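# Secondary and tertiary structure notes
Here is how the chains run, residue by residue.
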Amino acid sequence: MFPLHLSALSGFSDCCRKLLSSGFDIDTPDDFGRTCLHAAAAVGNLDCLNLLLNTGADFNRKDSFGRSPLHYAAANCNYQCLFALVGSGASVNDLDKRGCTPLHYAAASDTDGKCLEYLLRNDANPGIRDNQGYNAVHYASAYGHRLCLELIASETPLDVLMETSGTDILNDSDVRAPISPLHLAVSKAYLLL
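Residues numbered from 1 in each chain as written. Predicted model: local features only at pLDDT ≥ 70, side-chain atom pairs only at ≥ 80, totals over all residues. Heavy atoms only, no water.

## Observations concerning the overall build of the protein chain
Along its length, the protein chain carries 12 helices and 0 strands. Listing the helices and strands of the protein chain from first to last along the sequence gives α-α-α-α-α-α-α-α-α-α-α-α. (Helix = DSSP H or I, 4+ residues; strand = E, 2+ residues; numbered from the N terminus.)

Following this line, the structure appears as C-alpha coordinates:
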(Lines give C-alpha, C1' and ligand atoms only; values in the text may rest on other atoms or scores of the structure.)
Protein backbone atom coordinates (compact mmCIF):
# COMPACT_ATOMS: atom_id res chain seq x y z
CA MET A 1 0.00 0.00 0.00
CA PHE A 2 0.98 3.55 -0.64
CA PRO A 3 0.75 6.49 1.79
CA LEU A 4 -2.45 7.76 0.15
CA HIS A 5 -4.07 4.34 0.57
CA LEU A 6 -3.12 4.25 4.25
CA SER A 7 -4.38 7.78 4.78
CA ALA A 8 -7.72 6.89 3.20
CA LEU A 9 -7.98 3.72 5.30
CA SER A 10 -7.15 5.58 8.48
CA GLY A 11 -9.45 8.52 7.84
CA PHE A 12 -6.77 11.17 7.66
CA SER A 13 -8.38 13.51 5.14
CA ASP A 14 -5.82 16.29 5.84
CA CYS A 15 -3.01 13.85 5.08
CA CYS A 16 -4.81 12.79 1.88
CA ARG A 17 -5.12 16.44 0.87
CA LYS A 18 -1.36 17.06 1.43
CA LEU A 19 -0.36 13.92 -0.47
CA LEU A 20 -2.59 14.89 -3.39
CA SER A 21 -1.21 18.43 -3.46
CA SER A 22 2.33 17.03 -3.59
CA GLY A 23 1.55 15.31 -6.88
CA PHE A 24 0.68 11.78 -5.78
CA ASP A 25 -1.25 9.99 -8.56
CA ILE A 26 -4.77 9.58 -7.22
CA ASP A 27 -5.49 6.33 -9.10
CA THR A 28 -2.24 4.50 -8.28
CA PRO A 29 -3.19 0.88 -7.54
CA ASP A 30 -1.80 -1.36 -4.81
CA ASP A 31 -0.72 -4.96 -5.48
CA PHE A 32 -4.39 -5.99 -5.78
CA GLY A 33 -5.31 -3.17 -8.14
CA ARG A 34 -7.18 -1.22 -5.45
CA THR A 35 -6.90 2.55 -5.42
CA CYS A 36 -7.21 4.89 -2.45
CA LEU A 37 -10.88 5.32 -3.41
CA HIS A 38 -11.41 1.58 -2.94
CA ALA A 39 -9.82 1.91 0.52
CA ALA A 40 -11.98 4.88 1.56
CA ALA A 41 -15.15 3.13 0.34
CA ALA A 42 -14.26 -0.11 2.15
CA VAL A 43 -13.82 1.51 5.55
CA GLY A 44 -16.57 4.10 5.14
CA ASN A 45 -14.32 7.14 5.27
CA LEU A 46 -16.70 9.69 3.76
CA ASP A 47 -14.42 12.74 4.17
CA CYS A 48 -11.58 11.09 2.27
CA LEU A 49 -13.95 9.57 -0.26
CA ASN A 50 -15.49 12.97 -1.05
CA LEU A 51 -12.05 14.56 -1.26
CA LEU A 52 -10.91 11.87 -3.67
CA LEU A 53 -14.07 12.14 -5.78
CA ASN A 54 -13.75 15.92 -5.95
CA THR A 55 -10.10 15.59 -6.95
CA GLY A 56 -10.96 13.34 -9.89
CA ALA A 57 -10.55 9.76 -8.63
CA ASP A 58 -11.91 7.17 -11.05
CA PHE A 59 -15.04 5.90 -9.28
CA ASN A 60 -15.57 3.04 -11.76
CA ARG A 61 -11.99 1.74 -11.68
CA LYS A 62 -11.88 -1.98 -10.98
CA ASP A 63 -9.32 -3.85 -8.93
CA SER A 64 -7.81 -7.23 -9.85
CA PHE A 65 -11.00 -8.93 -8.59
CA GLY A 66 -13.11 -6.79 -10.91
CA ARG A 67 -14.58 -4.80 -8.02
CA SER A 68 -15.22 -1.08 -8.09
CA PRO A 69 -15.25 1.13 -4.98
CA LEU A 70 -19.04 0.74 -4.99
CA HIS A 71 -18.68 -3.04 -4.51
CA TYR A 72 -16.63 -2.34 -1.36
CA ALA A 73 -19.03 0.28 0.00
CA ALA A 74 -21.96 -2.13 -0.51
CA ALA A 75 -20.13 -5.13 1.00
CA ASN A 76 -19.30 -3.15 4.13
CA CYS A 77 -22.70 -1.39 4.35
CA ASN A 78 -21.15 2.06 4.15
CA TYR A 79 -24.34 3.88 3.23
CA GLN A 80 -22.93 7.40 2.98
CA CYS A 81 -20.05 6.28 0.77
CA LEU A 82 -22.43 4.25 -1.37
CA PHE A 83 -24.70 7.29 -1.69
CA ALA A 84 -21.74 9.51 -2.70
CA LEU A 85 -20.45 7.00 -5.26
CA VAL A 86 -23.85 6.45 -6.89
CA GLY A 87 -24.42 10.21 -6.87
CA SER A 88 -21.12 10.62 -8.70
CA GLY A 89 -22.23 8.22 -11.41
CA ALA A 90 -20.84 4.86 -10.27
CA SER A 91 -22.52 1.99 -12.08
CA VAL A 92 -24.85 -0.01 -9.81
CA ASN A 93 -24.92 -3.06 -12.10
CA ASP A 94 -21.19 -3.58 -12.75
CA LEU A 95 -20.11 -7.20 -12.42
CA ASP A 96 -16.96 -8.32 -10.65
CA LYS A 97 -15.05 -11.46 -11.71
CA ARG A 98 -17.45 -13.62 -9.68
CA GLY A 99 -20.35 -12.07 -11.57
CA CYS A 100 -21.53 -10.16 -8.48
CA THR A 101 -22.93 -6.64 -8.51
CA PRO A 102 -22.88 -4.28 -5.54
CA LEU A 103 -26.46 -5.45 -4.88
CA HIS A 104 -25.25 -9.03 -4.32
CA TYR A 105 -22.84 -7.77 -1.66
CA ALA A 106 -25.46 -5.55 -0.04
CA ALA A 107 -27.94 -8.44 0.09
CA ALA A 108 -25.32 -10.55 1.87
CA SER A 109 -24.22 -7.96 4.41
CA ASP A 110 -26.87 -5.27 4.87
CA THR A 111 -28.82 -5.97 8.06
CA ASP A 112 -30.85 -2.74 8.09
CA GLY A 113 -31.54 -2.63 4.33
CA LYS A 114 -30.44 0.98 3.74
CA CYS A 115 -27.73 0.22 1.18
CA LEU A 116 -29.81 -2.38 -0.60
CA GLU A 117 -32.84 -0.12 -0.76
CA TYR A 118 -30.78 2.78 -2.12
CA LEU A 119 -29.27 0.55 -4.81
CA LEU A 120 -32.72 -0.72 -5.81
CA ARG A 121 -34.05 2.86 -6.01
CA ASN A 122 -31.14 3.65 -8.32
CA ASP A 123 -31.91 0.90 -10.84
CA ALA A 124 -29.85 -1.97 -9.45
CA ASN A 125 -31.16 -5.14 -11.09
CA PRO A 126 -32.07 -7.81 -8.50
CA GLY A 127 -32.35 -10.48 -11.22
CA ILE A 128 -28.67 -10.41 -12.25
CA ARG A 129 -27.08 -13.77 -11.50
CA ASP A 130 -23.50 -14.35 -10.44
CA ASN A 131 -21.27 -17.02 -12.02
CA GLN A 132 -22.89 -19.71 -9.85
CA GLY A 133 -26.38 -18.66 -10.87
CA TYR A 134 -27.34 -16.79 -7.71
CA ASN A 135 -29.12 -13.43 -7.65
CA ALA A 136 -29.52 -10.96 -4.78
CA VAL A 137 -32.53 -12.88 -3.47
CA HIS A 138 -30.35 -15.96 -3.01
CA TYR A 139 -27.75 -13.93 -1.12
CA ALA A 140 -30.29 -12.32 1.20
CA SER A 141 -31.84 -15.74 1.86
CA ALA A 142 -28.51 -17.45 2.50
CA TYR A 143 -27.50 -14.82 5.05
CA GLY A 144 -30.92 -14.61 6.70
CA HIS A 145 -31.57 -10.95 5.92
CA ARG A 146 -35.34 -10.80 6.07
CA LEU A 147 -35.56 -7.03 5.56
CA CYS A 148 -33.43 -7.29 2.42
CA LEU A 149 -35.69 -10.06 1.14
CA GLU A 150 -38.76 -7.90 1.73
CA LEU A 151 -37.16 -4.96 -0.08
CA ILE A 152 -36.10 -7.10 -3.03
CA ALA A 153 -39.50 -8.83 -3.14
CA SER A 154 -41.22 -5.48 -3.48
CA GLU A 155 -39.11 -4.82 -6.62
CA THR A 156 -38.89 -8.33 -8.10
CA PRO A 157 -41.40 -10.51 -9.96
CA LEU A 158 -42.36 -13.70 -8.09
CA ASP A 159 -40.91 -15.98 -10.78
CA VAL A 160 -37.44 -14.46 -10.20
CA LEU A 161 -37.82 -14.88 -6.44
CA MET A 162 -38.54 -18.59 -6.73
CA GLU A 163 -36.11 -19.52 -9.52
CA THR A 164 -33.44 -22.05 -8.76
CA SER A 165 -29.78 -21.90 -9.62
CA GLY A 166 -27.55 -24.52 -11.16
CA THR A 167 -25.22 -24.95 -8.18
CA ASP A 168 -25.46 -25.21 -4.43
CA ILE A 169 -23.25 -23.02 -2.23
CA LEU A 170 -24.19 -25.04 0.84
CA ASN A 171 -23.19 -28.43 -0.59
CA ASP A 172 -19.69 -29.65 -1.45
CA SER A 173 -20.97 -32.63 -3.44
CA ASP A 174 -20.13 -32.96 -7.12
CA VAL A 175 -23.79 -33.70 -7.87
CA ARG A 176 -25.68 -30.54 -7.13
CA ALA A 177 -29.40 -30.14 -7.29
CA PRO A 178 -30.86 -26.76 -8.18
CA ILE A 179 -31.48 -24.60 -5.13
CA SER A 180 -33.98 -21.80 -4.71
CA PRO A 181 -33.92 -18.82 -2.35
CA LEU A 182 -36.54 -20.67 -0.30
CA HIS A 183 -34.12 -23.60 0.11
CA LEU A 184 -31.45 -21.21 1.34
CA ALA A 185 -33.79 -19.49 3.79
CA VAL A 186 -34.92 -22.83 5.23
CA SER A 187 -31.32 -24.07 5.43
CA LYS A 188 -30.31 -20.90 7.26
CA ALA A 189 -33.19 -21.27 9.72
CA TYR A 190 -32.31 -24.95 10.26
CA LEU A 191 -28.66 -24.12 10.92
CA LEU A 192 -29.69 -21.55 13.56
CA LEU A 193 -31.76 -24.12 15.51
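Picking up after the structure, the text goes on.
## Brief notes about the side chain of D94
Take D94: it is sitting in the loop between α6 (79–88) and α7 (102–109). Within the buried core, D94 has no salt-bridge partner, and the shortest N-O distance to an opposite charge, that of K62, equals 4.1 Å. Separated by 3.3 Å, the side chains of D94 and S91 make a polar contact. Apart from residues lying up to four places away in sequence, D94 is in contact with N60, K62, H71, C100, T101 and P102. (Buried < 20%, exposed > 50% of the residue type's maximum accessible area, 1.4 Å probe, protein only. Lys, Arg positive; Asp, Glu negative; His and termini not counted. Salt bridge = Lys/Arg side-chain N within 4 Å of Asp/Glu carboxyl O. Polar contact = N/O pair within 3.5 Å; in protein donor to acceptor, adjacent residues only side chain to side chain. Contact = heavy atoms within 4.5 Å.)

## Here we look at the pattern of salt bridges
One pass over the structure, following the stated rule, counts 3 salt bridges. The residue D30 makes a salt bridge to R34 at a minimum N-O spacing of 3.3 Å. Judged by its relative accessible area of 9%, D30 is buried. Look at R34 and you get partly exposed, because its relative accessible area is 23%. Measuring nitrogen to oxygen at the nearest pair gives 3.2 Å for the salt bridge that ties D96 to R67. Of this pair, D96 sits in the loop between α6 and α7 while R67 sits in the loop between α4 (46–54) and α5 (69–75), placing them 29 residues apart in sequence. The same class applies to D96 and to R67, which are both buried.

## What to know about helix α3 (residues 36–43)
Summarising burial for α3: 6 of the 8 residues are buried, a large majority. Considered for burial, the residues of α3 that qualify are C36, L37, H38, A39, A40 and A41. Buried residues along α3 sit in contact with α1 (3–10), α4, α5 and α6.

## Here we look at the environment of R67
Given a relative accessible area of 18%, R67 falls into the buried group. Put simply, R67 and H38 are 29 residues apart on the chain and 8.7 Å apart in space, counted from C-alpha to C-alpha. Dropping the residues within four chain positions of it, R67 is found in contact with H38, R61, K62, Y72, D96, R98 and Y105. Within the local environment of R67, its side chain forms a polar contact with the side chain of Y105, the two groups lying 3.0 Å apart.

## Remarks on the side chain of D130
Positionally, D130 belongs in the loop between α8 (114–121) and α9 (136–142). This buried residue, D130, is left without a salt bridge; R98 holds the nearest opposite charge, at 4.7 Å. Within the local environment of D130, its side chain forms a polar contact with the backbone nitrogen of Q132, the two atoms lying 2.9 Å apart. D130 has contacts with R98, G99, C100, H104 and Y139, leaving out every residue within four places of it along the chain.

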